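# Notes for the structure review
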Amino acid sequence: MSDGEDFTGSTGRNETREEQLDRNWAELLQELRMLQTGVQILAGFLLTLPFQQRFEDLDNFQVGLYLVNVVIATLTTAFILLPVSVHRRLFRQRLKETLVSSADTITKIALAGVGMLSVGTAALVFDVTAGRAAGLTAGGILLTVLLVLLAYVPLRLNRRAAEP
């Protein structure tokens, strides 16, 4: 297919492959913007905790959970920024398909990071405010709910869409 040739593919759209890649890239960037806001809010919350008077009262488990959450927040932020870094490196090298494909994978990893960060932060808050059993219970329930919402539901919808 030449550069200007129409590409209808499985999207049902009358667009060239380059137009489809541009649209996919724009959609991925919008998703990453949304993820970035949530991660920034959670990371900001976590980074203020050591400066609170009650932080000194945390036990070893709570401090460990806190530090794990900080690491997850930092790594998730890095994954959210990674497609921009990759784009800068691949800019004007006619590798948009590679860029979009890698950004798709990176975004899925960032989503998993946001899920883990949400579970870890909620578990920490429940642990500190209501006790260890409440923290572990809340973390387990939220992990299950997020697995259903972020993994099972998309897989189920994909299967349903593939059915004749």
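The rules we used
Residues numbered from 1 in each chain as written. Predicted model: local features only at pLDDT ≥ 70, side-chain atom pairs only at ≥ 80, totals over all residues. Heavy atoms only, no water. UniProt positions renumbered as here; feature names shortened; annotations may be inferred. Helix = DSSP H or I, 4+ residues; strand = E, 2+ residues; numbered from the N terminus. Axes fitted to C-alpha atoms, helices over the stretch in contact; angles between N-to-C directions. Parallel < 35°, antiparallel > 145°, perpendicular 65-115°, else oblique. Left-handed = near helix turned anticlockwise from the far one by under 90°. Salt bridge = Lys/Arg side-chain N within 4 Å of Asp/Glu carboxyl O. Buried < 20%, exposed > 50% of the residue type's maximum accessible area, 1.4 Å probe, protein only.

According to UniProt, the "transmembrane region" (unreviewed entry) feature falls on residues 63-84, 105-126 and 132-155. Regarding residues 63-84, the helix share stands at 100% and the strand share at 0%, and the terminal C-alpha atoms are separated by 33 Å. Annotated as residues 132-155, this span is 100% helix and 0% strand, and its ends, taken at the C-alpha atoms, are 33 Å apart.

Looking now at the packing of helix H1 (residues 17-48) against helix H3 (residues 96-130). The N-to-C vectors of H1 and H3 enclose an angle of 20 degrees; their axes lie 9 Å apart at closest approach. It follows from the interaxial angle that H1 and H3 lie roughly parallel. Helix-helix and strand crossings are classified by hand; for H1 and H3 the assignment is left-handed.

The next thing to look at is the pattern of salt bridges. Evaluated as defined, the whole model comprises seven salt bridges. Notably, a salt bridge pairs Lys 108 with Asp 104, separated by 3.2 Å at the nearest N-O pair. With Lys 108 and Asp 104 both in helix H3 and four residues apart, the pair spans about one turn of that helix. Using a relative accessible area of 31% as the deciding quantity, one classes Asp 104 as partly exposed. A single network of salt bridges, built from pairs that share partners, joins Glu 15, Arg 23 and Glu 27.

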